Amino acid sequence: MPITTPSAASPSPTHIDGVLVVGGGYAGLHAARAVAQAGHPVTVLDQRSSHAFVTRLAAVAAGTASADRAGHDLEAFQPTIEVGALGLVGDGTVALDDGRTLTADAVVVSAGARPTQPPIDGIDLAMTLRSADDAIAIRTALDTATSLVVIGGGATGVQLSAAVAHRHPEMSVHVVDGGPRLLGPMSEATGAGAKRILESRGAQVHLDAPVERITSTGVDIGPASRHIAGLVVWAGGFEARADELGVDVTGDGRILVDDDLRIVGMERSFAAGDIAAHLDDAGEFLPMSAQIATQAGTAAGENAVRMLDGKPLKQPNLVQRGWVLDLGGRRGLAQFGPLALTTPFADLIPPILHDLIDLKTLFGMGGVRALRW
């Protein structure tokens, strides 16, 4: 079926049969596949009509993976696509920023997150890495750059800087983070392993170094206002900012959901993925990760189907089982509870695990045909 493009605003809502999934990321495509497998019609709404393989973006940006691995057209996963940007969310309805209103028998909101915008002077001068277009832009910029400064020592920053240091050994690579170690949410061993791999490739790691300002030539870091010249990439985290959607949110802008993933106060609208405030069994907020997004997306899609079929909804058991990072050059890091694969030789295993998880994720979004991407 053809992609529907935005038309002139109409005062009359357009009804979508079945389930409308907002967002074509990991959560959205897993939700859509769950609905389709149950035999209900499903439409995916996305402002770009393409899916970004987020876990591959660092490798594509660095040049250790081919450019075509950054993303794929949504039609390859789901045949019915609406193009538009989300404005407001209601109970079984969404309003788009072009004036259109769509209604559906059920709605799953999985619009994802965006890079944070902290009050740092010059933040708009930094490149970001969240979409396929971002990855290609960084890849192109690296062709003429002699130095790279990655702000943020989390998963994205470590993966990008390590892959660039491997792919471009002649380049000066810097990782800047305001904290005392890399990969703060993970174990100390994982952070130490990241530092070891980065420094073995000639990268310089600057810790306890808050960014004071970003300029057209690089960054100034504290406490001595030292200037580091280079192409600047902001990898300092992501935010949901769902407070712009007219729903109840947490302090960090994620949608509040019930135990069955319905948006608080609504019957026919669900939320899943980075944009939703998912909790573990202990009532603690789960991280924004592809792992949680795939689980929550499937659960939200299945519950939307149960609602349509008049069946009781289920409470999903969402679990962050660990972390697997591919740092390029057949090296990586992994952590599963107390087990950390971070030492020499053990760091050969995570890239293999990363590829296997990638294949599993692709299958969950598009079945066997998606494995070739």
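Calculation criteria
Residues numbered from 1 in each chain as written. Predicted model: local features only at pLDDT ≥ 70, side-chain atom pairs only at ≥ 80, totals over all residues. Heavy atoms only, no water. pLDDT = per-residue confidence, 0-100. Contact = heavy atoms within 4.5 Å. Pairing = 2+ DSSP bridges. Helix = DSSP H or I, 4+ residues; strand = E, 2+ residues; numbered from the N terminus. Axes fitted to C-alpha atoms, helices over the stretch in contact; angles between N-to-C directions. Phe/Tyr/Trp six-rings, centres within 6.5 Å; stacked < 30°, edge-to-face > 60°. Buried < 20%, exposed > 50% of the residue type's maximum accessible area, 1.4 Å probe, protein only. Lys NZ or Arg CZ within 6 Å of the ring centre and 35° of its normal. Salt bridge = Lys/Arg side-chain N within 4 Å of Asp/Glu carboxyl O. Right-handed = clockwise from strand over helix to strand, strands pointing away.

A. Quick peek at the confidence of the model for the protein. Here the protein shows a mean pLDDT of 93. Residues at 70 or above account for 97%. Here residues 1-9 scores under 50 on pLDDT; set against residues more than four positions off or in separate chains, the count is 19 contacts.

B. Representation of the pairing of strand β16 (residues 226-229). Where strand β15 (residues 218-221) and β16 come together, four bridges link them in antiparallel fashion. Across the sheet, the residue bridging to Ile-221 is Arg-226, located in β16. Between the antiparallel neighbours β15 and β16 lie four residues, among them Ser-225 with a positive phi of about 55°.

C. Focus on the sheet that holds strand β20 (residues 323-326). Pairing within the open sheet is antiparallel, and its three strands lie in the order β20-β21-β22. Only two strands of the sheet have a single partner each, and these edge strands are β20 and β22 (339-341). Between one strand axis and the next, the sheet turns through 5° on average, direction left out of account. When strand β21 (residues 332-336) meets β22, the two strands line up antiparallel, connected through three bridges. Paired with Gln-335 across the bridge in β22 is Ala-340. Running over the sheet, helix α5 (residues 188-200) touches β21 and β22 and is turned about 175° from β21.

D. Spotlight on the packing of aromatic side chains. Per the stated rule, a full pass over the model turns up one aromatic pair. A centroid spacing of 6.4 Å and a plane angle of 75° characterise the contact between Phe-53 and Phe-77, whose relative ring orientation is edge-to-face. You can see Phe-53 sitting in the loop between β3 (50-52) and α2 (57-62) and its partner Phe-77 sitting in the loop between β4 (71-73) and β5 (81-83), a full 24 residues away along the chain. The same class applies to Phe-53 and to Phe-77, which are both buried. The cationic tip of Arg-33 hangs over the ring face of Phe-363; the distance from NZ or CZ to the ring centre is 5.5 Å. Residue placement shows Arg-56 over the ring face of Phe-53; its charged tip is 4.5 Å from the ring centre.

E. Local environment of the pattern of salt bridges. A full pass over the atoms with the stated rule returns 17 salt bridges. Among the ionic pairs, Glu-82 bridges to Arg-100, the shortest N-O distance being 3.2 Å. One end of the pair, Glu-82, is in strand β5; the other, Arg-100, is in the loop between β7 (93-96) and β8 (101-109), with 18 residues separating them in the sequence. For the pair shown, Glu-82 and Arg-100 are each scored as buried. For Arg-114, the salt bridge identified is with Glu-239, shortest N-O distance 3.8 Å.

F. Up close: the pairing of strand β12 (residues 172-176). In terms of residue burial, β12 counts as a mostly covered element, since four of its five residues are buried. As paired strands, strand β11 (residues 147-151) and β12 are joined by five bridges and run parallel to one another. Each residue of the ladder has a partner; that of Ile-151, found in β12, is Val-176. Following the backbone out of β11, through helix α4 (residues 155-167) and into the adjacent parallel β12, one traces a crossover that is right-handed. Across three bridges, β12 lies against strand β13 (residues 204-206) in parallel orientation. Bridge assignment links His-174 to a residue of β13, and that residue is Gln-204.

G. Quick look at unusual backbone geometry. Positive phi outside glycine occurs at Ser-49, with the angle close to 55°. Mapped onto the secondary structure, Ser-49 falls in the loop between β2 (42-46) and β3. Taking relative accessible area as the criterion, Ser-49 reaches 16% and is therefore assigned buried. Positive phi is not limited to glycine here, since Phe-345 has a value of about 80°.

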